[in-house]
Protein chains: 2
Amino acid sequence: MTAVASHQPGALMAAEIAEQPAVWRRLLVEGPAAGLDAAAAQIRRRAPRTVLFVARGTSDHAALYAKYLVEIRLGLPAGLVSPSTMTAYGARPDLRDVLMIGISQSGGSPDLVRSLEVARAQGALTVAVTNNAASALARAAHAHVDVLAGAERSVAATKSYTAQLLALYLLLDRVIDGNDASTTAAEALPDLGDALLARDGEIAAIAQRYRFAQRMVTTARGYSYPTAREAALKLMETAYVSAQAFSGADLLHGPLALVDPQVPVLAVVNDGVGGTAMEDVLPRLAERRADVCCVGHPAAVARAAAGFALPTGVPEALSPLLEIIPFQLLARHVAVDRGEDPDAPRGLSKITETL
Amino acid sequence: MTAVASHQPGALMAAEIAEQPAVWRRLLVEGPAAGLDAAAAQIRRRAPRTVLFVARGTSDHAALYAKYLVEIRLGLPAGLVSPSTMTAYGARPDLRDVLMIGISQSGGSPDLVRSLEVARAQGALTVAVTNNAASALARAAHAHVDVLAGAERSVAATKSYTAQLLALYLLLDRVIDGNDASTTAAEALPDLGDALLARDGEIAAIAQRYRFAQRMVTTARGYSYPTAREAALKLMETAYVSAQAFSGADLLHGPLALVDPQVPVLAVVNDGVGGTAMEDVLPRLAERRADVCCVGHPAAVARAAAGFALPTGVPEALSPLLEIIPFQLLARHVAVDRGEDPDAPRGLSKITETL
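Keep in mind it's a predicted model, so treat the numbers as computed, not measured. Residue numbers run consecutively from 1 along every chain, following the written order of its sequence. Here chains are named by letter from A upward and ligands by number from 1 upward, in the order in which they appear as written. Confidence filtering applies because this is a predicted model: local features only for residues at pLDDT of at least 70, side-chain atom pairs given and counted only at 80 or more, and all residues used for totals across whole chains, interfaces and linings. For side-chain calculations, the full set of non-hydrogen atoms in the structure is used, while hydrogens and water are omitted.

Caption draft 1: Structural context of the sheet that holds strand S2 (residues 78–80) of chain B. Residue and element names in this part refer to chain B. At least two DSSP bridges between two strands are required for those strands to pair. Strands are runs of DSSP state E lasting at least 2 residues, helices are runs of H or I lasting at least 4, and numbering of each runs from the N terminus. Strands sit in the order S2-S1-S3-S4-S5 across an open sheet of five strands; the sheet is parallel. Across the chains shown, the open sheet's two edge strands, defined by having one partner strand only, are S2 and strand S5 (143–146). On average, adjacent strands in this sheet sit at an angle of 20° to one another, irrespective of strand direction. Bridging between strand S1 (residues 50–54) and strand S3 (residues 98–104) involves five bridges; their strand directions are parallel. Within the sheet, the bridge partner assigned to Val51 lies in S3 and is Leu99. Along the sheet, helix H6 (residues 110–121) contacts S1, S3 and strand S4 (125–130); its crossing angle with S3, the most-contacted strand, is approximately 165°. Contact definition: two residues touch when any of their heavy atoms are within 4.5 Å. Fitting a line to C-alpha atoms yields each axis, with helices limited to the stretch in contact; the angle taken between N-to-C directions then spans 0 to 180 degrees. Packed on one face of the sheet, helix H8 (residues 159–177) meets S3, S4 and S5 and runs near 160° to S3.

If you want it as structure tokens, here you go:
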């Protein structure tokens, strides 16, 4: 029996999903020494006026999450850079007073490395957030934060995503409050994550609903919007569902028209401002007779056609770490139910080199 | 016979698509006096260090286009603001040295008005780009640029989109070169637009290919990426296709897996840097045996399964005005062929009020 023949479809992805609470524990303990404190101190010294992020794929969703943290908690304007402007188009913007954070699991994507090199030459303070301290992106930056997720073998990123979220949260928390920042709220996450993982059977049942769905819509607002984006990407790359993510507000500006009872909607309704803002969106979905599966607040779950309740009382800015877990499990189940192997999606390789 | 009974489905959308070259001529002649010169002069005086955009729906795609202009031509960092951070979350970022541009057809969306008010109070120079000089957004800003598109009655925005693109191009051109900026390149657009509109029969034939397609992918890079986004939105809101837009680079980071011969791909390959960058993407689509319809450079069109050639020699930064026309026509044809009325998509109204 060869190694290939003995492979269970989705086994790698399942193992890496299950590893997440352990990764978070490691990052909470070792992260400060492994780059978080030093990077935060550099950022505080430079006191940037604007924060830019550069990333692709799953890492771009971690960047979007961090953009909310910067806008809301750090009180600075933030943006996601289109890498092509500095690579293909050769733009050389004035980046004095700018912090540019490059986010990448492998740290190997040439366009991200080049973007950070250009940003540094143009006066920006540069920080790399990767899962590989020896990567080109880590070397290109003034400071490096290691997300300490360990080797990731599944093509569909899971543990590196939530490790990025937590690393960015802890980094910005230190920028705001200094390196004595309390991490109490984050310290509750690993146990909560373990409790969610123990409920995989609930997700397996939900996956049955979507066995034959070719199209899906995911939606959320605020801090949970990156969850909707990442959930859609997981469903696309593992189960080949045409899953489209919209902020709840943008959904009402046009895409709502494509929703009908045959296009299931997965809505994240968190226990905070973003969840409250979804209260304008859910009635509009009901008017379109949408089939809504709600992930989040138990009261919203109770009102939906299907759902998965998350623990209440978690600070909204940390809820994206927990929210994505049911979607990672769901994507894996739907893919495996359809006879696909989510560890090795068709047409993809683990490191994507774009220029 | 009542007015409603005599309505031909898609007649309003067709009329407004056809009006675009006339709108551009008006904007080229009257725009400088109608706000462009004054807004550009204010921006030059303030010399912002960062540019932020706030918009939703179609206008968000105009903002994305302008973000490329700012990064590449103006040489400043740029970002798209998540309106909820300043409305629902109450963020009060430090926006001194920031130019914030709000873009909206109606100028009436409460969250955009509030975002511009907050930005102004936080020290930003604010500019509104709308189709209604009497709107709340126009009043909230330091300066207003009227896109002069005339009343837009179709729910699916067409003429206001390309008017926004041209207004933003002309505005930033003036910021770079002063109010004596040559508009020679833009002056060629109306006649080129008329020539494209005369080829509606070609698009009607292409629409036949997609009569039963429920899913589509649109893709492009650089300046043409907003075209892919807007094309997908038109297909979603008028023909109810689950159309997903990806930058060519992001497509390779995961979503490529969902592409198979049953998910048609519409690729924009422009006559410039963005089109050249698509040369890495098209072979990967061919490996997935994708059915590709190419809009753009005649050489790329000749190699695709279907296509629509655009005139060569148009500066890449202006090509998005022309590129979107075949997609507007296509969305209308596909919708009408399916018995829908693209002038009044299900579940939508012309002004969307999100908070």
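Caption draft 2: Just the layout of surface pockets, in detail. Empty space within the largest pocket amounts to approximately 200 Å³. Residue classes in the lining of the largest pocket are distributed as five nonpolar, three polar and three charged. Using only the protein atoms, space was sampled on a 1 Å grid; points where a 1.4 Å probe fits but cannot get out form cavities, open sets with protein on both sides within 12 Å along at least five of seven lines form pockets, and lining residues are those with an atom within 4 Å of a point. Grid points are joined across faces, edges and corners, and a volume is the space filled by probe spheres set on the points. Put simply, Ala, Val, Leu, Ile, Met, Phe, Trp, Tyr, Cys and Pro go in the nonpolar bin, Asp, Glu, Lys and Arg in the charged bin, and everything else, Gly too, in the polar bin.

Caption draft 3: Geometry of the relation of the copies chain A and chain B. Superposition of the copies was done by least squares, using only C-alpha atoms of residues whose pLDDT is at least 70 in both. Superposing chain A onto chain B requires a rotation of 180° together with a translation of 0.0 Å along the rotation axis, leaving an RMSD of 0.0 Å. Classification of the inter-copy transformation places it as that of a two-fold axis. Considering only C-alpha atoms, the residue of chain A closest to the rotation axis is Gly79(A), which sits at 2.0 Å. When the interface residues of chain A are mapped onto chain B, 100% of them again fall at the interface, so both copies present the same face.

Caption draft 4: Inspection of helix H3 (residues 32–46) of chain A at higher detail. All names here are of chain A. Residue exposure (1.4 Å probe, protein chains only): buried if accessible area is under 20% of the type maximum, exposed if over 50%, otherwise partly exposed. Within H3 the residues assigned to the buried category are Pro32, Gly35, Leu36, Ala39, Ala40 and Ile43. One side of H3 holds all its buried residues, which, seen down the axis, span an arc of 155°. Of the exposed residues in H3, those oriented more than 90 degrees away from the buried face are Ala33 and Arg45. Considering only its buried residues, H3 is in contact with helix H2 (20–30), strand S3 (98–104), strand S4 (125–130), strand S5 (143–146) and helix H8 (159–177). When we speak of the arc, we mean the arc of directions from the helix axis to the C-beta atoms.

Caption draft 5: Seen up close, the side chain of Asp146(B). Residues and elements named next belong to chain B. Here Asp146 shows up in strand S5. We score Asp and Glu as negative and Lys and Arg as positive, and we do not count His or the chain ends. Here, a salt bridge means any side-chain nitrogen of Lys or Arg that lies within 4 Å of a carboxyl oxygen of Asp or Glu. Within the buried set, Asp146 has no salt-bridge partner at all; the shortest N-O distance to an opposite charge, 7.9 Å, is to Arg26. Every residue in contact with Asp146, bar those within four places of it in the chain, is listed here: Leu27, Ala34, Thr130, Asn131 and Ala133.

Caption draft 6: Structural detail: the interface of chain A and chain B. Each partner contributes to the interface: chain A provides 67 residues, whereas chain B provides 67 residues. Taken together, the two surfaces of chain A and chain B that pack against each other cover about 5600 Å², and 52% of this comes from carbon and sulfur. For the pair chain A and chain B, the interface holds eight salt bridges. Linking Asp94(B) and Arg49(A) is a salt bridge whose minimum nitrogen-to-oxygen distance equals 3.8 Å. Those elements that provide at least two residues to the side of chain A that touches chain B are strand S1 (50–54), helix H4 (58–74), strand S2 (78–80), helix H5 (83–86), helix H12 (225–239), strand S7 (242–247), helix H13 (248–252) and helix H14 (273–277) of chain A. A per-element tally of the side of chain A that touches chain B places S7(A) first, with five residues. Looking at the side of chain A that touches chain B, its residues break down into 32 nonpolar, 19 polar and 16 charged. Buried area, as used here, totals the accessible surface that two parts lose on assembly, with accessibility defined by a 1.4 Å probe and the loss added over both.

Caption draft 7: Region of interest: unusual backbone geometry. Within the chain, Leu148(A) stands out as a residue other than glycine whose phi angle is a positive 55°. Topologically, Leu148(A) is positioned in the loop between S5 and H8. For Leu148(A), a relative accessible area of 15% gives the class buried. Despite not being glycine, Tyr240(B) has its phi angle at roughly 60°, a positive value. A relative accessible area of 8% places Tyr240(B) in the buried class.

Caption draft 8: Structural view of the pairing of strand S8 (residues 265–269) of chain A. Residue and element names in this part refer to chain A. Within S8, five of the five residues are buried, leaving the element largely enclosed by the surrounding structure. By the bridge criterion, three bridges tie strand S6 (residues 215–220) to S8 in an arrangement that is parallel. Note that in S8 the partner of Val217 across the bridge is Val265. The pairing of S8 with strand S9 (residues 292–296) spans five bridges and is parallel. Paired with Leu266 across the two strands is Cys293, which belongs to S9.

Caption draft 9: Local environment of the sheet that holds S4(A). Residue and element names in this part refer to chain A. If you walk across this open sheet you meet the five strands as S2-S1-S3-S4-S5, and the pairing is parallel. On the outer flanks of this sheet lie S2 and S5, each paired with one strand and no other. Going across the sheet, the axis of each strand differs from the next one's by a mean of 20°, ignoring polarity. Bridge analysis of S1 against S2 gives three bridges, and the strand direction is parallel. When the sheet's bridge partners are listed, Val51 is paired in S2 with Ala78. Against the sheet, H3 makes contact with S3, S4 and S5, and its axis sits at roughly 145° relative to S5, the strand it touches most. Along the sheet, H4 contacts S1, S2 and S3; its crossing angle with S2, the most-contacted strand, is approximately 170°.

Caption draft 10: Molecular detail of the packing of aromatic side chains. Each aromatic pair joins two rings of Phe, Tyr and Trp (for Trp, the six-membered one) with centres within 6.5 Å, and gets the label stacked for planes under 30 degrees apart, edge-to-face for over 60, and tilted for any other angle. Taken as a whole and judged by the stated rule, the model has six aromatic pairs over all chains. Here Tyr89(A) and Tyr223(B) contribute two aromatic rings whose centre-to-centre distance is 5.3 Å and whose plane-to-plane angle is 80°, an arrangement assigned as edge-to-face. Separated into two different chains, Tyr89(A) in the loop between H5 and S3 and Tyr223(B) in the loop between strand S6 (215–220) and helix H12 (225–239) make up a pair that spans both. Both residues of the pair, Tyr89(A) and Tyr223(B), belong to the buried class. Ring geometry for Tyr65(B) and Tyr223(B): centres 6.4 Å apart, planes at 55°, overall tilted. One end of the pair, Tyr65(B), is in helix H4 (residues 58–74); the other, Tyr223(B), is in the loop between S6 and H12, and 158 residues separate them in sequence. This pair shows no difference in class: Tyr65(B) is buried, exactly as Tyr223(B) is. An aromatic cluster of at least three residues, connected via ring pairs, comprises Tyr65(A), Tyr68(A), Tyr223(A) and Tyr89(B).

Caption draft 11: Layout of H12(B). Residues and elements named next belong to chain B. Taking 1.5 Å per residue, 15 residues should reach 21 Å; H12 reaches 21 Å between its end C-alpha atoms and fits that length. With 14 of 15 residues buried, H12 is to be regarded as a mostly interior element. At the C-terminal side of H12, Tyr240 shows a positive phi close to 60°. Multiplying one less than the number of residues by 1.5 Å gives the expected span of a helix.

Caption draft 12: Looking closely at the environment of Ala331(A). Residues and elements named next belong to chain A. When you line up the elements, Ala331 lands in helix H17 (residues 319–337). Among the residues examined, Ala331 registers a relative accessible area of 0% and is labelled buried. Put simply, Ala331 and Arg284 are 47 residues apart on the chain and 26 Å apart in space, counted from C-alpha to C-alpha. The residues contacting Ala331, other than those within four sequence positions of it, are Lys234, Leu235, Thr238 and Ala239.

Caption draft 13: Structural detail: the pattern of salt bridges. Residues and elements named next belong to chain B. Across all of its chains, the model carries 36 salt bridges over all chains by this definition. The closest approach of N and O atoms between Arg25 and Asp194, which form a salt bridge, is 2.8 Å. Placement of Arg25 in helix H2 (residues 20–30) and of Asp194 in helix H10 (residues 189–197) is noted, with a sequence separation of 169 residues between them. Overall, Arg25 belongs to the partly exposed group, its relative accessible area being 34%. By relative accessible area, which is 35% here, Asp194 ends up partly exposed. Residue Arg73 is joined to Asp173 by a salt bridge in which the shortest nitrogen-to-oxygen separation is 3.2 Å.

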